[in-house]
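Structure assessment
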Amino acid sequence: MIGQWHISRLQNPDTGDIFGYKTQGCRRALCIAGYILSCGALRLLFYWKPEWHVWISCIQCSLEEADIVLLRTTDDFRTYSRKTVTWISMSAFIKSRSDNPAIEEDSIFSKAIMKPSLLVKTIQVQKIRYVWNVYAKQFQKIGVLEDHYTCSAIHDKFGSGLTCNEQNVRRVICGPNTIDVPVIPIWKLLIKEVLNPFYVFQLFSVCLWFAEDYMEYANAIIFMSLLSIFLTVYDLRKQSIKLHRLVESHNNVMVTVCRNKEGFQELESHHLVPGDMLILKEGKTLLPCDAILVSGQCTVNESMLTGESIPVTKIHLPRADNFQPWRVYCAEDYRKHVLLCGTEVIQTKADDRGVVKAVVLRTGFNTAKGDLVRSILYPKPMNFKLYRDALRFLMCLIAFAAIGMIYTVCVFALNGEETGEVVKKALDVITIAVPPALPAALTTGVIYTQQRLKKKGIFCISPQRINMCGQLNLVCFDKTGTLTEDGLDLWGLLPSERSCFQDIYSFPADHGLPWSPVFKALAVCHSLIVWEDKIQGDPLDMKMFEATNWNAGQGPTHATVVRPGLKAPVEGITILHQFPFSSALQRMSVIAQEIGGDPQAFIKGAPETVATLCRAETVPSNFESKLLLYTAQGFRVIGLACKSLQAGKLPAALTREEVESDLTFLGLLIMENRLKRETKPVLEELTAARIRSVMVTGDNIQTAITVAKNAGMIAPTHRVILVEANKEPGSFSASVTWKSLQENKIEDCRSLDDSHTEPGIRLALGSGQYHFAMSGKSYQIVAQHFRHLLPKLLLNGTVFARMSPSQKSSLVEEFQKLDYFVGMCGDGANDCGALKVAHAGISLSEQEASVASPFTSRTPSIACVPELIREGRAALVTSFCMFKYMALYSIIQYLGVLLLYWQLNAFGNYQFLFQDLAITTVIGVTMSFTRAYPKLVPYRPPSQLTSPPLLLSVVLNILFSLSMQIFGFVVVQEQPWYSKTNIHSVTLFFSACLSEQIDNGFKSYENTTVWLLSTINCLIVALVFSKGKPFRQPIYTNYVFMLVLTVQLGICLFLVFADIDDLYSKMDLVCTPTTWRISMVGMLAVTLAVSFLVEEAVIENRPLWLLLKKTFRYRSKSHYKRLQQVLEQDPAWPPLNETFFSDSVAVTVEGNMGGHSNPTFDSSEDSL
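Residues numbered from 1 in each chain as written. Predicted model: local features only at pLDDT ≥ 70, side-chain atom pairs only at ≥ 80, totals over all residues. Heavy atoms only, no water.

1. Let's talk about the overall build of the protein
Short version of the rule: Elements are defined by DSSP. Helices are runs of H or I of four residues or more, strands are runs of E of two residues or more, and each kind is numbered from the N terminus. Buried residues are those whose accessible area, probed at 1.4 Å on protein chains only, stays under 20% of the maximum for their type, while exposed residues exceed 50% and partly exposed ones sit between those limits. Residues count as neighbours in contact if any of their non-hydrogen atoms are within 4.5 Å of one another. To measure how exposed things are, a 1.4 Å probe is used in the Shrake-Rupley method; for residues, cover is taken only from the protein chains shown.
Tallying secondary structure elements over the protein gives 38 helices and 41 strands in all. Of all 1168 residues assigned to the protein, the portion counted as buried reaches 55%. Summarising the internal contacts of the protein: among those between residues at least 6 apart in sequence, 73% fall at separations of at least 24. A total of about 50800 Å² of accessible surface is found on the protein, and carbon and sulfur atoms cover 59% of it.

Here is the structure:
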């Protein structure tokens, strides 16, 4: 039931489950009694599992009655969080009915106030406040202006500002307009870190070791744990201070607001509420909230928030009189009217209404800046199989420990040992079977990789994603600035006069452009501004304006005035008004006026779009063929047009539709966008490694296809199929058409090779040698009307052009739903969303906005992508090696201890210390030093611990260790010199061992044999598990690790053959004949040989595993691979020169290929 158990999506786009509970006094009293009786252990358990606390101390009820709510995420983790309901009293502000804001019945503020108590029920989730809607019976987000307002309603309701009382009511309900990230006190960080289950288990282990006088290792673990805690707390504290400094400047800004009936008023920005009327004065202003511009125009520097390095022009919200919500009416262009919190207004320009005004849209953490900060505070948990498998494996080790405990209790109890001793021995088995250092050992590889990446100029703010980079099999690339150079160079101008294209004018040229309407378009049709005495703006606009050799300056009304640098028939041109570039409309326009002349409109944009706005008689008949000629060569082509306007009419009074209609076509501006030097080699390397490359760009589709071909994304022999989807105006039906690009017979283009006959084409398509290309519009229509076709299109989709930022994010998520591990590499503001959503987002921009991206490259080149994948693969393999080693080390020690328990014996403290500290800890630190292999191989390392090769490796090595230890344990008892009770019995046979040692209860022939075998066995598995090629460099290149192993082996062999009485006494070893020592070395040599042979010949034998897969007809569980197999058998796929209609195509597909879902990536950070 919506509202009772689940939160509605009404004003919260994120999904989650919410449950209501009511506290019960008697249950709470029982919990407190439990805390006391368990000495706080129950309270600690509830700290780790808040849902258990709620279930035990509360009873379930409706959300309306609840005083505690339990939230559960809908991802695979199903994480619970507990929130306490708080009440806000409004009686101080609402004295009578006339004061009640309920006069506006559709406002959430009136719906949240309960009558007659005048209380508002709220909860706070991840810094966002939600209020209880009394009428809708659900929690709704507060601190935002409701979406249902139309453009005219925003002007009418908020144009004069709020009254003081309305402002007070809204402020109390919404809370302060601050992005408050307090610096977390060190004691809080310390307590939170210490209460981590890992450290609690270590504390338990240390207490047990102190009880057994195992002081040295206990002290070593305490030292390492304190060091680890200190470093973690220091790092967290540093991040907390950095984040606090990032946002503190926006919390106390003085602003001017307009009060209804009271005029202008100055106040601190933390008092702002949604609906307030903000006055933007001249000069630089830091925006403390998100706001909708309702009058005037301003230029904003958004680099610190969106990564957009150039100033952006914002225009006021039109006063459209219709019934559509303002955001729906403005569509993709709504951003052009929205000023974002954290950005800087660098220039304002008032219209005929006198001042520049903006209505506060969002406050606090609801703002764009707040959302960015929340994405850092509450990162999305990564659903990676390695971590889940690690937990499962730990559970298996705990199960082993439980079996060992039962065995220990039985053996010692039956032999009449004291109860306290039995309990200590049983608990000891847990610390042996489950190594306390395991989590720390697993993170070492990632830490070293992070340091190596830093040296290569790649910075990482989310280390847990490094392992995920090792699984990437698809990378999406932005085009401009990522694959190609950031700047564009002018290549040529193709003017049009009297419906005919004239001779092309090439750049650069010695003489200037002739004076003409197309010259005027180049001089004025741009968004350049003069800021700090310098011309600034879009690089494309800069290049275009520089070609005119004119100068720009500011006029008396802050309008930009352009003047000729050389002789020209005009004194100058004033740019009166601007309609900024819109990615949805794919154009921009300006209204300009020659000094002393009449106003004119100039339009610049996508040629196809500009041509549709021009009068048909002014567009050359060969327009399409000329356009294709240049775009097919990879040029970026801009269409230019103009129109004369009526004199006397105010430019601000003209609508965009009026200005951008009945235009005269002026020509095409052709610009060259060169590939970066690194692009082609990097893409070839990724292709060779079987990692798909996909282009996601906002540019023209023909240009994008050509760049994809030049870059090597599309091989010369492969076909390109254009997918064009259209929606019938005013109808629910849509169509999708498939065209082979090379079949378009276009004038002026090179003729096609006759060998491309239909059977040849079908053969190429059948072998999968084809690529789909589509525009953002087609992608949107396919996603809405042909949902079942989308997975099939994505399988071979390589070029996605004219994509908006939201479509880029959506595309990445759709690839993830097909079980691809997706990387995203981009440099612009429009990539921020996709960078955040991808498994590995790599930003090539160092702007503040890149803080939302897990990885940032200092070098603006895609060469960082294969580097990151190489390091990710090496880190992943290192994690597996460490896990296998730590598991084997604990099992080897566990088996040795259980064998000795059979004779009521055990390892001595120094024996444990040597294995734990001198062997395992040092290996754990140095094993991860191995660097990544320089070449990317065409397959990935396994992603889970439960993969058959890894499991088989662990199981076989456990069996080898068990066999060797049992063999040594049994065979030593068969020796003629052996005595169970007399450790000096060997002196009766061999005069070499004449020392008299005191037996302290640990010394025995079995103990010496098992301990020496198990210790050197740890070195054997460390060597065998240290994988080199193909993902890491050969193990011998890790000089530190090899030196450590050599020294450790030397010490161990010294212990085997030494006859130093004091040393043996300290290590609880007994003297054995030399022949037996040689026999032990022989056993170890056989174990090493067998283990190494099995690892190389079976575990690492890739052809063998591929043969086994084929023999047993193993099918991949990956959605995209299953779909690939289905399509390979379908002779009708892909369709060519066909059109499908949404009415006539079935929506379902066999095997559930359509409605797939991946909930981990569907839910957002603040999901309820």
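Back to the write-up after that little detour.
2. Some details on the packing of aromatic side chains
This is how it is decided: Here a pair means two rings of Phe, Tyr or Trp (six-membered ring of Trp) with centres within 6.5 Å. Their orientation is stacked below 30 degrees between planes, edge-to-face above 60, and tilted elsewhere. Over a ring means this: the NZ of a Lys or the CZ of an Arg is within 6 Å of the ring centre and within 35 degrees of the ring normal.
Under the criterion given, the structure shown has 31 aromatic pairs. Ring geometry for Trp55 and Tyr80: centres 5.5 Å apart, planes at 80°, overall edge-to-face. Taken together, the residues Trp55 in helix H3 (residues 50–57) and Tyr80 in strand S4 (residues 80–84) connect sequence positions 25 residues apart. What makes Trp55 partly exposed here is its relative accessible area of 37%. Taken together, a centroid distance of 6.4 Å and an interplanar angle of 20° make the contact between Phe230 and Tyr234 stacked. Linking Phe230 with Tyr234, this pair stays in helix H9 (residues 215–248), spanning four residues, or about one helical turn. Seen from the ring of Trp132, Lys121 lies directly overhead, with NZ or CZ sitting 5.3 Å from the centre.

3. Here's the deal with the nonpolar core
Here is the rule we go by: Throughout this description, the term nonpolar core refers to a set of buried Ala, Val, Leu, Ile, Met, Phe, Trp, Tyr and Cys residues connected via side-chain atoms within 4.5 Å. Domain delimitation in this document rests on an assignment produced automatically or drawn from a domain database.
Ranked by size, the top nonpolar core spans 83 residues in total, and within it Tyr885, Ile919, Ile923, Met927 and Trp1011 carry the most contacts. With 20 residues, the top contributor of residues to this core is helix H29 (residues 864–901). Taken together, domain 2 (186–249) and domain 4 (385–457 + 867–1100) each give at least three residues to this core, which thus spans both. Setting aside anything within four residues of it in sequence, one finds Ile919 in contact with Tyr885, Phe914, Thr1015, Cys1018, Leu1019, Gln1048 and Cys1052. Membership of the second largest hydrophobic core comes to 44 residues, among which are Leu453, Leu686, Ala708 and Val865.

4. Section: empty space enclosed by the protein
What counts here: Residues are called lining when one of their atoms sits within 4 Å of a cavity or pocket point, these points coming from a 1 Å grid over the protein atoms alone, where a cavity is a set in which a 1.4 Å probe fits but cannot get out and a pocket is an open set with protein on both sides within 12 Å along at least five of seven lines. Grid points are joined across faces, edges and corners, and a volume is the space filled by probe spheres set on the points. Residue polarity is assigned by list, with Asp, Glu, Lys and Arg as charged and Ala, Val, Leu, Ile, Met, Phe, Trp, Tyr, Cys and Pro as nonpolar; anything else, Gly included, falls into the polar class.
If you walk through the whole model with that rule in mind, you get six cavities of 30 Å³ or more. In terms of lining, the largest cavity is formed by 17 residues, of which the most central are Gln297, Gln347, Lys349, Thr560 and Gln578. Listed by contribution, the elements that provide at least two residues to the lining of the largest cavity are strand S14 (297–301), strand S17 (344–349) and strand S28 (573–582). Among the elements that make up the lining of the largest cavity, the one with the highest residue count is S28 (four residues). Classifying every residue of the lining of the largest cavity by side-chain character gives six nonpolar, 10 polar and one charged. Of the domains in this structure, domain 3 (254–377) and domain 5 (513–672) are the two that each give at least three residues to the lining of the largest cavity. By volume, the second largest cavity amounts to about 120 Å³. If you trace the second largest cavity, you find 14 residues lining it, with Trp209, Thr431, Ile432, Gln893 and Asp916 closest to the centre. Listing elements by their share of the lining of the second largest cavity, those giving two or more residues are helix H14 (419–433), H29 and helix H30 (909–926).

5. Some thoughts on a positive patch on the surface
The condition that has to hold: Each patch is built from residues lacking any salt bridge and having more than 30% relative accessible area; the joining distance is 9 Å for like charges and 5 Å for nonpolar side chains (Val, Leu, Ile, Met, Phe, Trp, Tyr). Whenever Lys or Arg places a side-chain nitrogen within 4 Å of a carboxyl oxygen from Asp or Glu, that contact is recorded as a salt bridge. Residues counted as positive are Lys and Arg, residues counted as negative are Asp and Glu, and His and the chain ends are not counted. We put the charge of a Lys on NZ, of an Arg on CZ, of an Asp on CG and of a Glu on CD.
Positive charge collects at one region of the surface, where Lys238, Lys242, Lys454 and Arg858 lie side by side. Structurally, Lys454 is set in helix H15 (residues 438–455). Relative accessible area serves as the criterion here: at 53%, Lys454 is assigned to the exposed category.

6. Quick notes on the pattern of salt bridges
Taken as a whole and judged by the stated rule, the model has 27 salt bridges. Its salt-bridge partner being Lys281, residue Glu266 comes within 3.4 Å of it at the nearest N-O pair. Pair noted here: Glu266 is in strand S10 (residues 263–268) and Lys281 is in the loop between strand S11 (277–280) and strand S12 (285–286), with a separation of 15 residues, a long-range link. Assessed through its relative accessible area of 44%, Lys281 is described here as partly exposed. With a closest N to O distance of 3.5 Å, Glu814 and Lys817 form a salt bridge. Remark: Lys817 and Glu814 occur in helix H27 (residues 805–817); sequence separation between them is three residues, near one turn of the helix. Of the two residues, Glu814 and Lys817, both sit in the buried class.

7. Details of the packing of helix H8 (residues 197–211) against H14
Counted only if it meets this: Fitted lines through C-alpha atoms give the axes, limited to the stretch in contact for helices. The angle between two N-to-C directions lies from 0 to 180 degrees. For classification, angles of less than 35 degrees are called roughly parallel, those exceeding 145 degrees roughly antiparallel, those between 65 and 115 degrees roughly perpendicular, and all remaining angles oblique. Crossing handedness follows the turn of the near helix against the far one: under a right angle anticlockwise gives a left-handed crossing, and clockwise gives a right-handed one.
Direction vectors running N to C along H8 and H14 enclose 140°, while the axes themselves pass 10 Å from each other. When the axes of H8 and H14 are compared, the pair comes out oblique. For the pair H8 and H14, the sense of crossing is left-handed. Facing Phe201, Phe204, Ser205, Leu208, Trp209 and Ala211 of H8, the residues of H14 in contact are Lys424, Leu427, Asp428, Ile430 and Thr431.

8. Brief notes about unusual backbone geometry
Note that the residue after Lys1029, namely Pro1030, is joined by a cis bond; omega there is 10°. Take Pro1030: it is sitting in the loop between helix H32 (1005–1025) and helix H33 (1039–1057). In this structure, Pro1134 follows Trp1133 across a cis peptide bond, with omega equal to 0°. On the secondary structure map, Pro1134 appears in the loop between helix H37 (1119–1128) and strand S41 (1138–1141). Backbone geometry at Gln126 places phi at a positive 45°, although glycine is not the residue there. Along the chain, Gln126 falls in the loop between strand S6 (119–125) and strand S7 (128–133).

9. Quick look at the sheet that holds strand S34 (residues 719–727)
Stated formally: Two strands qualify as a pair provided DSSP detects at least 2 bridges between them.
Strand order in the open sheet formed by 11 strands is S19-S40-S39-S38-S20-S33-S37-S36-S34-S35-S41, and the pairing between neighbours is mixed. At either margin of the open sheet sits one strand with a lone partner, and together these are strand S19 (458–460) and S41. Averaged over all neighbouring strand pairs, the angle between strand axes comes to 20°, with direction disregarded. Relative to strand S40 (residues 855–857), S19 runs antiparallel, the two sharing three bridges. In the strand pairing of S40, Ile458 is matched with Ser857.

10. A closer look at the environment of Val1094
For Val1094, the location among the structural elements is in helix H35 (residues 1074–1099). The class of Val1094 is buried, set by a relative accessible area of 19%. When the C-alpha atoms of Val1094 and Ser953 are compared, they prove to be 8.3 Å apart, with 141 residues separating the residues in sequence. Contact partners of Val1094, with chain neighbours within four places excluded, come to Leu956, Phe960 and Ile1099.

11. Some thoughts on a nonpolar patch on the surface
A contiguous nonpolar patch, built from Leu45, Tyr47, Trp48, Trp52, Trp55 and Ile56 and spanning about 540 Å² of accessible area, is present on the exposed surface. Of all elements in the fold, only helix H2 (41–48) and H3 reach the threshold of two or more residues within the nonpolar patch. Positionally, Ile56 belongs in helix H3. Look at Ile56 and you get partly exposed, because its relative accessible area is 44%.

12. Looking at the environment of Ile447
On the secondary structure map, Ile447 appears in helix H15. Between the C-alpha atoms of Ile447 and Gln464, which are 17 residues apart in sequence, the distance is 9.6 Å.

13. Focus on the sheet that holds S12
Backbone hydrogen bonds hold the strands of a sheet together, and the pairing may be parallel or antiparallel. Taken together, four strands build an open sheet; the order of strands is S12-S17-S14-S15 and the sheet is antiparallel. Each edge of the open sheet carries a strand with a single partner, namely S12 and strand S15 (312–315). Of the pairings in the sheet, the one linking S12 to S17 comprises two bridges and is antiparallel in character. The residue of S17 that forms the bridge with Thr285 is Val345.

14. A word on helix H22 (residues 679–688)
Residues spaced three or four apart along an α-helix point in a common direction, a consequence of the helix completing one turn every 3.6 residues. The line we're drawing: Picture the helix axis, draw a direction to every C-beta atom, and the arc is the one those directions span.
Taken together, the buried positions of H22 are occupied by Thr679, Val682, Leu683 and Leu686. Buried residues of H22 fall within an arc of 95° about the axis and therefore sit on the same side. Following H22 by one or two positions, Arg690 has its phi on the positive side, about 60°.

15. What about the pairing of strand S36 (residues 770–775)?
Counting buried residues in S36 gives six out of six residues, a clear majority hidden from the surface. Both faces of S36 are covered, namely the face carrying Tyr770, Phe772 and Met774 and the face carrying His771, Ala773 and Ser775. Where S34 meets S36, five bridges bridge the pair, whose relative direction is parallel. In the sheet register, Ile721 faces S36, and the bridge partner there is Phe772.

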